[in-house]
Amino acid sequence: MKKLNFSPVLTGEKEAVLRNQVRSFLKNYGDFNVSNIIDSWSICDPELSRALAAKGWLGMTWPTEYGGGGRSYLERYVVIEELLAAGAPVGAHWVADRQSGPLLLRFGTEEQRQHFLPKIVKGECFFAIGMSEPNSGSDLASIKTRAEKVDGGWLINGSKIWTSWAHVCHQMITLCRTAPTSDNRHAGMSQLIVNLDNKGITVRPIVTLAGEAHFNEIFFDDVFVPDNRLVGQVNEGWSQVVAELAFERSGPERFLSSYQLLEAAIKELREANLTQQAEPIIGQFVARLMVLRQMSLSVANQLQEGKLPVNEASVVKDLGTSFEQELPEAMRLILATEPRSSAEGGVARLLSDSILKAPSFSLRGGTREILRGIIARGLGLR
Amino acid sequence: MNELAQLIEESATRLFEDFSNGNGHELMEAGQFPDTLWADFLADGWLTTLLSEDDGGAGLGLAGGCVLMRLAGYHKVPLPVVESLIAVYLAAKSGAECTDELIIPVVITDPINDQSDINLYGVPWARHAASLLVVFTRNNATRVSIISSQDITIKSAQNMAGEPRDDVTINVSQLDNFSELQGITIEQIESWLALSRAAQMAGALQKVLEMTVDYANERSQFGRQIGKFQAVQQQMAVLAEMTSASICAVDAAIDHLNTEQEWELIACAKITTGESAGYACKTAHAVHAAIGFTQEHPLQLSTRRLWSWRDEYGNEAKWSAQLGQRCFELKTDNLWNWLTTQTGE
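Cut-off values and rules
Residues numbered from 1 in each chain as written. Chains lettered and ligands numbered in written order. Predicted model: local features only at pLDDT ≥ 70, side-chain atom pairs only at ≥ 80, totals over all residues. Heavy atoms only, no water. Helix = DSSP H or I, 4+ residues; strand = E, 2+ residues; numbered from the N terminus. Rg over C-alpha atoms; globule rule 2.2 N^0.38 Å. Buried < 20%, exposed > 50% of the residue type's maximum accessible area, 1.4 Å probe, protein only. Contact = heavy atoms within 4.5 Å. Areas by Shrake-Rupley, 256 points an atom, 1.4 Å probe, with all protein chains shown as cover. Lys, Arg positive; Asp, Glu negative; His and termini not counted. Charge placed at Lys NZ, Arg CZ, Asp CG, Glu CD. Pairing = 2+ DSSP bridges. Axes fitted to C-alpha atoms, helices over the stretch in contact; angles between N-to-C directions. Domains from an automatic or database assignment. Buried area = accessible area lost by both parts, 1.4 Å probe. Salt bridge = Lys/Arg side-chain N within 4 Å of Asp/Glu carboxyl O. Polar contact = N/O pair within 3.5 Å; in protein donor to acceptor, adjacent residues only side chain to side chain. Nonpolar A, V, L, I, M, F, W, Y, C, P; charged D, E, K, R; others polar. 1 Å grid on protein atoms, 1.4 Å probe; cavity = no way out; pocket = protein on both sides within 12 Å on 5 of 7 lines; lining within 4 Å. Points joined across faces, edges and corners; volume = space filled by probe spheres on them. Core = buried A, V, L, I, M, F, W, Y, C linked by side-chain atoms within 4.5 Å.

**Observations regarding the overall build of chain A**
Here's step 1: The helix and strand tally for chain A stands at eleven helices and eight strands.
Here's step 2: For a compact globule of 382 residues, the expected C-alpha radius of gyration is about 21 Å, and chain A comes in at 21 Å, within 12% of that figure.
Here's step 3: The burial tally for chain A puts 60% of its 382 residues in the buried class.
Here's step 4: The long-range fraction of contacts in chain A, counting pairs at least 24 apart against all pairs at least 6 apart in sequence, stands at 75%.
Here's step 5: Roughly 14,900 Å² of accessible area belongs to chain A as shown, and the carbon and sulfur atoms make up 49% of that amount.

Take a look at the structure:
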């Protein structure tokens, strides 16, 4: 049994200064150009992404030689949690900043780093995640999209699904089968960087139950990818994907998706003089949030130390998404307001948005059951 | 904090392991004091280790003390480790001389009526104590009276773990002889006691998790280890999640002692351990099944403690209500500003 490590970490003066900088940026930026602020990291606003890039808040932890900020993971944590808490629509650059860039830094070639990282940092290059397929959701190792070796590169055929913002993004790191299936299900996969403007790519939007069109199905019909766009080693895609998950699963976006509702609920209850009956519930959720922050900060600090806390990241994501899903369930009972999708704003609208978006929280980035399976393996049960 | 914790862990583990192997639990549950274990605890010099070196201690402070308490919880030590350490810590702060005699801390939160006796419910280990260290407020000052147990009425009672939790009556005149605790509020002392229990609970939760993982890997049914069943794995994963959240919450509270956010993170620690205790006990007993429901199996030594401790020094409902009240009392609308000053910035 491997002990889970969540050694707490204290942030200091440097982080406090940065936090204030983000707050004044947000204050000066004014209202966001969006109709709702729940789950703001799945909402895309390239203009905001470029404004953040101009502040140096994309690729913050990356080496300065690639245009990165050379700053710590704790500093990045502070910036992203401020943006999320404010409901900033940071979806355009989110994947590139969170995982594609770090993946290239870990496994990419020097040419790939020099080509892509400065563009990501400037907010000029957005990445999509190319993992799931129509018949491969949780069972990622069952993907069918193939990349066939041809002269000078690879030819991709197949399809990917649930790819957020594929119609806005420029590149997609695509997990493909590059060798026939064998007894080792995790062997024979590779990651290729696909330019989404390429010939042979069709993007079909899929509308969510909340009425949003952020994700898509993508079809590949003999799409050519040159040799220099292979990430890392041929047929080693699986272990690279696993490494990516420590970045993907542990951040504050895994518990702040419905945070706006908590803040609005407290304000509303205070104004309506309904505080007394609500105190234990508000206190309970605030406590969960405070502990999740401590856990997520701890993981950020471990990433800083060069560790890959994949199991800890799974813990943060499972506890975090439970929190952000249960929050609207609890708030609706103390608010005594009927959710209303057509409301311009206020708790009625926030309730509606968070209830309608909540099912996805524990699906994207690994379902609850998959995460618990990973944790059980860490306990030595599998 | 980490190096200190490791040092404490190394030196206390062997002692505490010995404790849980002997007959201390039977003695305690039969209403007797485990004298020899207590003598060993004193002989190793732990009682005063929280105090500064000037006061004759090892300078561990409350932070180091909580590490020791977590270990005591893990090893289910049948001694008043938590209570005696806090009492000596407070006694030193009030300027009182301490001996090796057992002192137990009690906080009076209800308003004190000058005419009547004061009834204190469930005072830990009172019947075995030489004296009680009674903390109360008068004229906006925090006061401490050390009262000999010979001068008080004690009615024996036990919590679910068989630990002494006695009902005590003191006379209000016994508070006339007091010293003041400068710069410390009664809310702070209440929170320190809550943190101490939370630290014990974090240790007990870790123990319950380990025992349950071991059992799930040993026990076979339907031709394979029960830990191989997904239904069991999913429950155990949640048990591990809640345990690590509890440990993180306690560690974070320890790290934030003497910061502006001390009280809030202690509240979080008691809430998190309290919420986790119920799930942990339920799951551990489900996995252990009938054998875990017996006295001969050691699981109950940890689970009965968790069921008791979660309600002592304020359960999760009480602490949540207090924390919620603070959220509503914020001068500014902005919850986020308040939450993010929690990090010691």
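Additional details are given in the paragraphs that follow.
**Let's talk about the overall build of chain B**
Here's step 1: Looking only at helices and strands, chain B has eleven helices and nine strands in total.
Here's step 2: On C-alpha atoms alone, chain B measures out to a radius of gyration of 21 Å, which is about the 20 Å that the 2.2 N^0.38 rule sets for 345 residues.
Here's step 3: Structurally, chain B occupies a C-alpha span of about 70 × 55 × 40 Å along its principal axes.
Here's step 4: By sequence separation, contacts in chain B at least 24 residues apart represent 73% of the contacts at least 6 residues apart.
Here's step 5: Carbon and sulfur atoms make up 45% of the accessible area of chain B, which totals about 14,100 Å².
Here's step 6: Chain B carries 22 positive and 45 negative side-chain charges, and their two centres are separated by 8 Å.

**A short note on unusual backbone geometry**
Residue and element names in this part refer to chain B.
Here's step 1: Unlike most non-glycine residues, W125 shows phi in positive territory, near 60 degrees.
Here's step 2: On the secondary structure map, W125 appears in the loop between β2 (118-124) and β3 (131-138).
Here's step 3: Take W125: its relative accessible area is 1%, and that puts it in the buried class.
Here's step 4: Phi at N140 takes a positive value of approximately 60 degrees, unusual for a residue other than glycine.
Here's step 5: Tracing the backbone shows N140 in the loop between β3 and β4 (141-148).

**Details of the sheet that holds strand β6 (residues 165-170) of chain B**
Residues and elements named next belong to chain B.
Here's step 1: With antiparallel pairing, the three strands of this open sheet are ordered in space as β2-β6-β5. Of all the strands in the sheet, the pair left with one neighbour each is β2 and β5 (153-155). Strand-to-strand twist across the sheet, computed as the mean angle between neighbouring axes with direction ignored, equals 25 degrees.
Here's step 2: Of the strand pairs in this sheet, β5 and β6 are connected by three bridges, and their pairing is antiparallel. By the bridge assignment, T153 is partnered in β6 with T169.

**Overview of the domain arrangement of chain B**
Residue and element names in this part refer to chain B.
Here's step 1: Segmentation of chain B into domains returns domain 1 (1-79), domain 2 (99-184) and domain 3 (190-343).
Here's step 2: When each unit is reduced to the centre of its C-alpha atoms, the spacing between domain 1 and domain 3 is 21 Å.
Here's step 3: In this assembly, 14 residues from domain 1 lie in contact with 21 residues from domain 3.
Here's step 4: Of the roughly 1,500 Å² buried where domain 1 meets domain 3, counting both sides, 65% is carbon and sulfur surface.
Here's step 5: It is R70, Y74 and K76 that lose the most area in domain 1 upon contact with domain 3, and together they represent 41% of the buried surface on that side.
Here's step 6: Counting across the domain 1 and domain 3 interface gives two salt bridges.
Here's step 7: With its nearest N and O atoms 2.6 Å apart, the salt bridge here joins D251 to R70.
Here's step 8: Where domain 1 touches domain 3, the interface holds four residue pairs in polar contact (both at pLDDT 80 or more).
Here's step 9: For the side of domain 1 that touches domain 3, the class distribution of residues is nine nonpolar, two polar and three charged.

**Quick word on the domain arrangement of chain A**
Residues and elements named next belong to chain A.
Here's step 1: Here chain A is described as being made up of domain 1 (13-126), domain 2 (129-237) and domain 3 (240-379).
Here's step 2: Using C-alpha coordinates to define each centre, domain 2 is positioned 29 Å away from domain 3.
Here's step 3: Taken together, the contact pairs 14 residues of domain 2 with eight residues of domain 3.
Here's step 4: Summing both partners gives a buried area of about 910 Å² for domain 2 against domain 3, and 55% of it is carried by carbon and sulfur.
Here's step 5: Among the residues domain 2 hides against domain 3, the three largest losses belong to M131, S138 and L209. Together they make up 40% of the total.
Here's step 6: At the surface where domain 2 touches domain 3, the tally comes to one salt bridge.

**Quick word on the pattern of salt bridges**
Here's step 1: The tally for this structure, following the rule as stated, stands at 34 salt bridges over all chains.
Here's step 2: Here A:E81 makes a salt bridge to A:R293, at a shortest N to O gap of 2.7 Å. One end of the pair, A:E81, is in helix α3 (residues 73-85); the other, A:R293, is in helix α8 (residues 275-304), with 212 residues separating them in the sequence.
Here's step 3: Each member of the salt-bridge network shares a partner with another, and the members are B:E83, B:E163, B:R165, B:R197, B:R305 and B:E312.

**Some remarks on the interface of chain B and chain A**
Here's step 1: On the chain A side, the residues contacting the 52 residues of chain B number 55 residues.
Here's step 2: Between chain B and chain A the total buried area reaches about 4,500 Å² when both faces are included, carbon and sulfur atoms providing 66% of it.
Here's step 3: The tally of links from chain B across to chain A stands at twelve residue pairs in polar contact (both at pLDDT 80 or more).
Here's step 4: Among the elements that line the side of chain B that touches chain A, the one with the most residues is helix α7 (residues 230-255) of chain B, at 14 residues.

**Let's talk about empty space enclosed by the protein**
All names here are of chain A.
Here's step 1: Evaluated as defined, the whole model comprises one cavity of 30 Å³ or more.
Here's step 2: Together, 17 residues line the largest cavity, and Y73, R76, F247, S250 and L303 are the ones closest to its centre.
Here's step 3: Listing elements by their share of the lining of the largest cavity, those giving two or more residues are α3, α4 (91-107) and α8.
Here's step 4: Taken domain by domain, the lining of the largest cavity gets at least three of its residues from each of domain 1 (13-126) and domain 3 (240-379).

**Digging into the nonpolar core**
Here's step 1: Counting residues in each nonpolar core, the largest one holds 189 residues, and the members touching the most others are A:I282, A:M331 and B:F41.
Here's step 2: In terms of residues, this core owes the most to one element, helix α6 (residues 186-218) of chain B, which gives 18 residues.
Here's step 3: For B:F41, the residues in contact, after removing those within four places along its chain, are B:L15, B:F16, B:F19, B:W46, B:L47, B:L79, B:V81, B:S84 and B:L85.
Here's step 4: Counting 21 residues, the second-largest nonpolar core is a separate cluster that includes A:W154, A:W165, A:C169 and A:I201.

**With respect to the pairing of β6(B)**
Here's step 1: By the bridge criterion, five bridges tie β2(B) to β6(B) in an arrangement that is antiparallel. Bridging across to β6(B), B:N119 finds its partner in B:T169.

**What about the sheet that holds β4(B)?**
Residues and elements named next belong to chain B.
Here's step 1: Here four strands make up an open sheet; going across it, the order is β1-β3-β4-β7 and the pairing mixed. For this open sheet the edge positions go to β1 (103-107) and β7 (179-180), each flanked by a neighbour on one side alone.
Here's step 2: By the bridge criterion, five bridges tie β1 to β3 in an arrangement that is parallel. From the neighbouring strand, P105 faces β3, where its bridge partner is L133.
Here's step 3: Along the sheet face, α6 touches β1, β3 and β4 and points at about 125 degrees away from the line of β1.

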